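For reference, the chains in residue letters:
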Amino acid sequence: MSVLTNPAAMSRNLTLDFFRGVALLIIFINHVPANEALLFTPSRFGLSDAAEIFVFASGFAAALAYGKTFRSAGIALGSLRVFHRCGQIYTAHLALFGLMAVTCVLGNSLLDTRDYITQLNIRYFFDETEEALRSLLALRYVPHYFDILPMYLVIMLWIPGVLAVAQISRGLAMTLPVGVYLAMWVWDLEFLADPVGDRPWFFNPFGWQLIFFIGFGFGAGWLRPPPPMWTPVLLSLAIIALSLPLSPEPALRPTVWLQDLHATLLPWLEKTRFGPLRLVHFLALAYLASVVFRGPQVWLTRPAGRLIVQMGQQSLPIFTISMVLSYVGGMVFDLVGHHPLSIVAINLGGIATLILCGALLAWLKSSPWKRLDPMGNAAGSSATGEGGLWPADDISWWRWVERGAAVAVVLAVSASPILLGDRRSAPPAPSDVILAGDEWTAARVSFEGSIAPGVGEPP
């Protein structure tokens, strides 16, 4: 990636944001249950996948975002900014779990296809809600599908420590993640993800922090990629080609020898602990990308490229939306079946939705309501012009329609809380109640016993 060739020089790197956006789209496709489009993503033909892109790019972006703060504001305020971001990630994780729980409940209520709570493996949350909530808040209950944000949170907490060590020596700061990675393999360091079992987090932070801080090192300027030369290019191509039989696609292992080799090297390919061969494969891909995308990428400022860039710039909310959207896509598959039209429609529809969400979030982040003069008019307009509170007499008819529709939507949303009211049915009139025998006697005794002394008959 060209971001590797220009470290710490930009506060916002469009190429970096573009690759994060691409990774988010791949993550969406990979998480749709039983999605045939998964067979065409890089995860099937390589040792690394979109997770490595996302974590590496996040580390690079963290160096650009927080390195300057640590240099200008000091360790205390710099750490405070990092911890503020950690709070956002923690909140996003809890929100994602809540959204997915609601999605599963709605799926079970509206669709008669399967038990989506059980499919997502969160039945424990509904059966043991009190204990599950405590464990969820403490990150001791991390079901599959909810693994990456807790891992990202823990790694972010380590940024101030690495930057503090970098005050002494940058080399020592980059040695520290390597030491943590090796310690994980020696002492089996991990976090438990199940309060009633011994299942660990699917993404082990002690392993995945290595690629995060490698990206951080490139972003901070502590590491630099080799210059574009034929020798490293050919070496990278050889690594990618030789790793094909070791990828998750079984069809790429047609011989018994390749199958045995894959079984032998499985610990080195492990995703949970971030096996070392995954790192080698990713670095080869990253170097080739840095050669191909070397120099300014003008196309990233054009509409198509900018839409992907905007997704990468809003990575946390887009990731949260994509995870919910993926599961909804699986529900649609259950409803309409798997055939070419549904596969294309669900995947392209989800991608289009994420792109539109990225554009909407970018627009909202620009605070369009602030681009007004003190009189409340849009820049360059007058009080009676098109940007004023009241449209001019000669305003085009479609502006009237647009504003009328906006007013209608605002009024509908404002009135929506009325629907939450609880309309209790009125009690039946006494003449409508027909009681007989013992029921009438019991009702009369109950009524008379409720009358205060001095009112009606004495007690």
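Residues numbered from 1 in each chain as written. Predicted model: local features only at pLDDT ≥ 70, side-chain atom pairs only at ≥ 80, totals over all residues. Heavy atoms only, no water.

Quick word on the overall build of the protein
Rules: What counts as a helix is a DSSP run of H or I of at least four residues, what counts as a strand is a run of E of at least two, and both are numbered from the N terminus. Summary of the burial criterion: residues with accessible area below 20% of their type's maximum are buried, those above 50% are exposed, and those between are partly exposed, where the area comes from a 1.4 Å probe applied to protein chains only. Residue contacts are defined here by distance: any two heavy atoms, one from each residue, within 4.5 Å place the two residues in contact. Values of accessible area rely on a 1.4 Å probe in the Shrake-Rupley scheme; residue burial ignores everything except the protein chains shown.
In terms of helices and strands, the protein carries 18 helices and 0 strands. Each of the 459 residues in the protein was classed as buried or not, and the buried ones make up 41%. Long-range pairs, those at least 24 residues apart, make up 70% of the contacts in the protein between residues at least 6 apart in sequence. A total of about 25,100 Å² of accessible surface is found on the protein, and carbon and sulfur atoms cover 69% of it.

So, unusual backbone geometry
The phi torsion at Tyr 145 lies on the positive side, around 90°, for a residue other than glycine. Here the phi dihedral of Asp 188 falls at roughly 55°; this positive angle occurs in a residue that is not glycine. Among the structural elements, Asp 188 can be located in the loop between helix H8 (170–187) and helix H9 (205–220).

Things to note about the packing of helix H7 (residues 159–166) against H8
So the rule is basically this: For helices, the fitted axis covers only the stretch in contact; all axes are lines through C-alpha atoms, and the angles between them, taken along N-to-C directions, range from 0 to 180 degrees. Note on residue classes: Ala, Val, Leu, Ile, Met, Phe, Trp, Tyr, Cys and Pro are nonpolar, Asp, Glu, Lys and Arg are charged, and everything else, Gly too, is polar.
Axis separation between H7 and H8 bottoms out at 7 Å; the angle between their running directions is 145°. Seen from H7, the contacting residues are Val 162, Val 165 and Ala 166; seen from H8, they are Arg 170, Leu 172, Ala 173 and Leu 176. Residues of the contact of H7 with H8, tallied by class, amount to 6 nonpolar, no polar and 1 charged.

Digging into the packing of helix H1 (residues 14–31) against helix H16 (residues 340–365)
Filter applied, for reference: Angle categories: roughly parallel below 35 degrees, roughly antiparallel above 145, roughly perpendicular from 65 to 115, and oblique for all the rest. In this scheme the crossing of two helices becomes right-handed for a clockwise turn of the near helix relative to the far one and left-handed for an anticlockwise turn of less than a right angle.
In the contact formed by H1 and H16, the axes pass within 10 Å of each other and the chain directions differ by 140°. The orientation of H1 relative to H16 falls into the category oblique. Between H1 and H16 lies a crossing whose hand is right-handed. Contacts between H1 and H16 pair Leu 25, Phe 28 and Ile 29 from the former with Ile 346, Asn 347, Gly 350, Ile 351 and Leu 354 from the latter. When grouped by side-chain class, the residues that make up the contact of H1 with H16 number 6 nonpolar, 2 polar and no charged.

Here we look at the nonpolar core
Put simply, the rule is: The term nonpolar core refers to a set of buried residues drawn from Ala, Val, Leu, Ile, Met, Phe, Trp, Tyr and Cys, joined through side-chain atoms within 4.5 Å.
Core analysis: the biggest nonpolar cluster contains 100 residues, and Ile 122, Met 156, Ile 159, Trp 208, Phe 212 and Phe 216 have the highest contact counts within it. No other element matches helix H2 (residues 50–110), which puts 22 residues into this core. Setting aside residues up to four positions removed in sequence, Phe 216 forms contacts with Gly 59, Phe 60, Ala 62, Ala 63, Ile 159, Leu 163 and Trp 222. Counting 5 residues, the second largest nonpolar core, distinct from the first, contains Val 233, Ala 284, Tyr 287 and Leu 288.

Concerning the layout of surface pockets
Put simply, the rule is: The distinction between a cavity and a pocket rests on a 1 Å grid over the protein atoms alone: a 1.4 Å probe fits inside a cavity but cannot get out, while a pocket stays open yet meets protein on both sides within 12 Å along at least five of seven lines, and a residue with an atom within 4 Å of a point counts as lining. Grid points are joined across faces, edges and corners, and a volume is the space filled by probe spheres set on the points.
The space that makes up the largest pocket amounts to roughly 840 Å³. Lining the largest pocket are 37 residues, and of these Asn 30, His 31, Asp 49, Phe 202 and Lys 271 lie nearest its centre. At the level of secondary structure, the elements contributing two or more residues to the lining of the largest pocket comprise H1, H2, helix H12 (266–269) and helix H15 (315–336). Here the element with the most residues in the lining of the largest pocket is H1; it accounts for 4 residues. For the lining of the largest pocket, a count of residues per class yields 22 nonpolar, 10 polar and 5 charged.

Topic: the pattern of salt bridges
Condition: For this document, the term salt bridge refers to a Lys or Arg side-chain nitrogen within 4 Å of an Asp or Glu carboxyl oxygen.
By the definition in use, this model includes 11 salt bridges. Residue Asp 49 pairs with Arg 278 through a salt bridge whose shortest N-O separation is 3.5 Å. Taken together, the positions of Asp 49 in the loop between H1 and H2 and Arg 278 in helix H13 (residues 276–292) put the pair 229 residues apart, joining distant regions of the chain.

Looking at the packing of aromatic side chains
Short version of the rule: Note on aromatic contacts: the rings of Phe and Tyr and the six-membered ring of Trp form a pair at centre separations within 6.5 Å, being stacked when their planes are under 30 degrees apart, edge-to-face when over 60 apart, and tilted otherwise. In this analysis the charged atom, NZ for Lys or CZ for Arg, is taken to sit over a ring once it is within 6 Å of the ring centre and within 35 degrees of the ring normal.
Applying the stated rule across the entire model yields 26 aromatic pairs. Ring geometry for Phe 191 against Phe 206: centres 5.2 Å apart, planes inclined by 35°, an arrangement best described as tilted. Pair noted here: Phe 191 is in the loop between H8 and H9 and Phe 206 is in helix H9, with a separation of 15 residues, a long-range link. Members of the aromatic cluster, connected to one another through ring pairs, are Phe 97, Tyr 116, Tyr 124, Phe 125, Phe 126, Tyr 141, Tyr 145, Phe 146 and Tyr 327. Directly above the ring of Trp 185 sits Arg 273, whose terminal nitrogen or CZ lies 5.5 Å from the centroid.

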